Each structure stands twice: as structure tokens, then as C-alpha cells.
Amino acid sequence: MKDKKIENKLMNSYRDIVALIERKVEAGEWSAGRKLPTQRELADVFDVNRSTVIHALDTLKGKGIIESTTGSGTYISSNFSSNLSKNLMNWNDFSKYSVHPTNYDIVRRINNLELDNSLIQLGKGELHQELFPKAAFNKSLRSLENTYDQYGYNNGTGDYRFRQAISTYLNERGISSSPNTILPVSGALQALQLITLGLLQQGSTVYAPYISYIHSLHIFRTSGMRLKSIPFRKQTLNTNHLREDLYRSQNSSVLYINPSFQNPTTITMDLNNREELVELSNEFKMPIIEDDIFRDLWIDQKPLPPIASLDNSGHTLLIGSFSKTMAPTLRIGWISGPADVIEKLSDLRMQLDYGTSFLPQLAVYDFLETGGYDQHLVSLREKLRYRRDMMVDLLEKNIGDYASWEIPKGGMFIWVLFSEDVNVRKLFSSLVERGVLINPGFVYSSYPNQYARFSFTSSSLEEMERGIKIIGEALKHQIT
Ligand SMILES: Cc1ncc(COP(=O)(O)O)c(C=O)c1O
């Protein structure tokens, strides 16, 4: 958004805007069927009055370049006939039925807003730059100097040193592991993609808690799988419900679970529940995909053992990543599972993209080996505790009359339940206008709810204070 603002700084008349949009269409950058940003967003990006935008859009409509559909928005027209449109390819129509539909509108909107540095980021699942171990990691980055003799194609299994370091890391966390049972991936999301493409059957059922990060993704649906919600309250996934469903089910099934400091609820499953899931997976031959990427962000006490460490029969695939403890842009994580699975997935990796980039593997390997990562976690935990407590105080002072929450024992989020008189969708939009971003809870479930995800890691401390005050004012305004 900021870059766009700079690019468009000189667009101060409606003619400039018309000319710019015409140029984009002409150059094939914007294809027929592309949805235009809202009037308010355009006014913001071009830094002009709304009336200038309306005038520009009317002119473009007059020329037949764009068209509006009531209630649905404004699009680049597929029907207009001018020199401009003669050879215009309608990529939007063409790709409508592709295996991967465009992401949910709200998720795309939030993804864009999360890149807008003029907003106070109070929803994002990332560490603020002041929490990043700059000096120590810079040292590890320097260890990459003169490694270019190792830049050839690999065999998809990844760098041995990285896999060795991850297996040591997992052994320390109670999971018996060797380099052959580890596959480096470009983040946990890619791990899910590989497992889906390489191991799961079309038509199978993927069970997940009824509120879960997975509901914000298309990933299983696009591969012909059915996502089914399981009740999840307090610290327990309802295994009776799951068992009954498994008895009835004719399809092969798999469970996706994020057992420690779950995104977005921050619920951590208790030990009994973890053991029940292992039993169920044995009984029904149901693989478990254990996405444990928040494990290292514990604050009050170490989390319970990973499900993978309780499972002696190889049903569980464990996914980890450095996105949450370091930075998502490193795009580095891993899958841990039986060697046969790892071989199958590394073969798939060779077919798809020849494997994870060597550079983040080696930098993170160095960081783990030299003890930098463990030291970082110790200091990070102290900062997380401070931030969590600060956010809880601020929430109590500013929005305590309108909302409630449980204090998380780790992770990045506080899962805030608003009272019935708050319209969370409207609150989200009005906060964006006031310069604050939170993540509305409906993004993470298949039906509306009264929650929002607040992050205590993604802003500076000063912004956290200012942002929550703004939320308090917005709520007063909405309720009175
Ligand atoms: C539960 C969960 N799994 C996976 C991911 C994706 O992580 P990565 O950046 O490692 O791909 C996220 C990101 O928010 C997440 O919350």
C-alpha cells in the first residue's frame, strides 16, 4: 500500500487516474474481470478526494473500460470494444475454474492490510522487528559467505546439516528422530500442501477443530477433501464426537491439529486429550497432522509433549517452522515423519520445485548449532511475558466493558470474545479507518462468531497502547 502511495503521489486529478487505469489495461497488467479496489481505497491510494475518484470511475465507465455490478463491485469490463480491448485476454474468466480459486476476499484484504505500515498491527501472527535476534542472526548469515560452491541442484531431501540439527532439536523435545525422518520445507504452509498432494486421498475427510487457522485456507478443499469441524472447548477436542463420526464415515480420514497455543484460540490440549487422539488414530488408522509451530513460544511453563512423541506407531506427521519464533520471510520449516513418508514427499518436492532454498537452511543450521536459537528463545520468552501482561492490562482498562478473554500461556495471540451488542465485522472496518488492524474471528471458522484475534507480538509497545485506546473509543462510539 505504501509503495502504491509513492507510485501514485503525482496522481492528483481524475484524468491522471483514468490514464493510469487505461495504461494498466493496455499493458495487459489488469485483465478483464479484475475487481477494482473500493472508492475509499482508491481515494486513499491516490491521495485524492472521493469525488475525484467517482469522477474518474464515471469517465472510465463512459468509455466502457469498467463496469459496476450492484452489491458486488467495479470490474474491468470484458465487453467493451475499443482498440484497447481488441486482444484483451480475460484471465479472470479463464482461471475461474482452476484447481486453486482465488483466496477468500476477506483473507486477501487482511493480507494486504498486514503489509500497510501506516496501520497499527494488532492482529498479525508475526514478531515485531524489535523481537528479532538481529545481531546473533547476522552472525549466522555471515556463515553463508563463500558457500556458493554448494549451489547446485539438490535431491529434494534438503541439506544434511540442517536435517541433522532439526533431528537434534526434536530429540531434545522427546521425539526420536534422525536426519532421514526430516524434510526441510519452505514454511509450514508448504508442509500442509505437500502432505495434501502427496499422501492424502481425494474424497477423504479432514477433521479439524471448529475454530482453526485451517478454515482460513483453501488447501484441503482444493484437493478434493472435505473439511469437517470437531467441537473444541477449553483444553479438549471432543474425541467422543470424533469417534462417532469415524464409526459412521465410509471415507478415509485424517486429523489436522495445532495442539499448543492454537491459532487463533491459543488453546493448548491437555495430556489426556493428546493420548486419546493417539488411541483414536491407531484404532481407525487415521493419520494426524500435528502443526506445532507455536511450541517454542511458551511463556509460563513448557508445553506438554507433542502428540508425535506419544505415538509409537508412525501415524503422526509433525510440522514445525521458524516463521513464528524468527521471521516468516525466512520461509523455512520441516516435516518430521517415517522415513518412507519423507522419501515420498522429497520425490514430490523434486517434481514440484527441486526443494527448499539452501540459504535459509544453512543460516538456521548455524543459528541452531551455535546455540543462538536457544539463547534467542530465552530472551524472547521474557519479552513475550511482558507484552502479554501489558496487553491484558490495556484490554482490561479500555475494552473490559465490552469483551472477555482468557490469558494465554504462550503463543502470540489473545482471543477476545466481544459481547453480543458489538458488531465485530463493523468494528473491524471502522478500526481500519481509524488506523488499527485486528483479525475478525469469522476468518477462522465456517460460521460467524463474536471473536477477534489480537496479537501481542506484532506492534511496538507504544503502538499497542495507542491501538487499544483507539479500539476502546471505537467501541464506545459503536455502542452508544
Ligand atoms: C497454525 C499455523 N500453521 C501454519 C502457518 C504457516 O506458517 P509458515 O509461515 O511456516 O508457512 C501458520 C501461519 O500463520 C499458522 O498459524
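The structure we're discussing is the one just above.
Draft legend 1. Highlighting the nonpolar core. F220, F322, I399, F418 and F454 are the most contacted members of the largest nonpolar core, which has 92 residues in total. F418 has contacts with I399, Y402, A403, V424, L427, Q450, A452, F454 and L475, leaving out every residue within four places of it along the chain. Within the second largest apolar cluster, 29 residues are counted, among which are I211, L242, M286 and W415.

Draft legend 2. Looking closely at the site of the ligand. Neighbouring the ligand are 14 residues; A188, N263, D291, S321 and S323 lie closest to it. One of the side-chain N or O atoms of S323 is found 2.7 Å from an oxygen atom in the ligand. Take K324: an N or O atom from its side chain is 2.7 Å from an oxygen atom of the ligand. Computed on the free molecule, the ligand has an accessible area of 400 Å², of which 91% lies beneath the protein chains in the complex.

Draft legend 3. Region of interest: the sheet that holds strand β14 (residues 413-418). The 4 strands are arranged β13-β14-β17-β16 in an open sheet whose pairing can be described as antiparallel. In this open sheet, the two strands that pair with only one neighbour each are β13 (403-404) and β16 (439-440).

Draft legend 4. Structural view of the sheet that holds strand β6 (residues 226-230). With respect to topology, 7 strands assemble into an open sheet ordered β4-β12-β11-β10-β9-β5-β6, the strand pairing being mixed. With partners counted over all chains shown, the strands left at the sheet margins are β4 (182-185) and β6, one partner each. Across this sheet, the average inter-strand angle for adjacent strands is 20 degrees, counted without regard to direction. Two elements, strand β9 (residues 253-257) and strand β10 (residues 288-291), share 3 bridges in a ladder whose sense is parallel. Counted as the bridge partner of I257 is E290 from β10. In the packing of helix α13 (residues 339-352) onto the sheet, contacts are made with β4, β11 (316-321) and β12 (333-336), and the angle to β4 comes to roughly 30 degrees.

Calculation criteria
Residues numbered from 1 in each chain as written. Predicted model: local features only at pLDDT ≥ 70, side-chain atom pairs only at ≥ 80, totals over all residues. Heavy atoms only, no water. Core = buried A, V, L, I, M, F, W, Y, C linked by side-chain atoms within 4.5 Å. Buried < 20%, exposed > 50% of the residue type's maximum accessible area, 1.4 Å probe, protein only. Contact = heavy atoms within 4.5 Å. Near = heavy atom within 4 Å. Polar contact = N/O pair within 3.5 Å; in protein donor to acceptor, adjacent residues only side chain to side chain. Areas by Shrake-Rupley, 256 points an atom, 1.4 Å probe, with all protein chains shown as cover. Pairing = 2+ DSSP bridges. Helix = DSSP H or I, 4+ residues; strand = E, 2+ residues; numbered from the N terminus. Axes fitted to C-alpha atoms, helices over the stretch in contact; angles between N-to-C directions.

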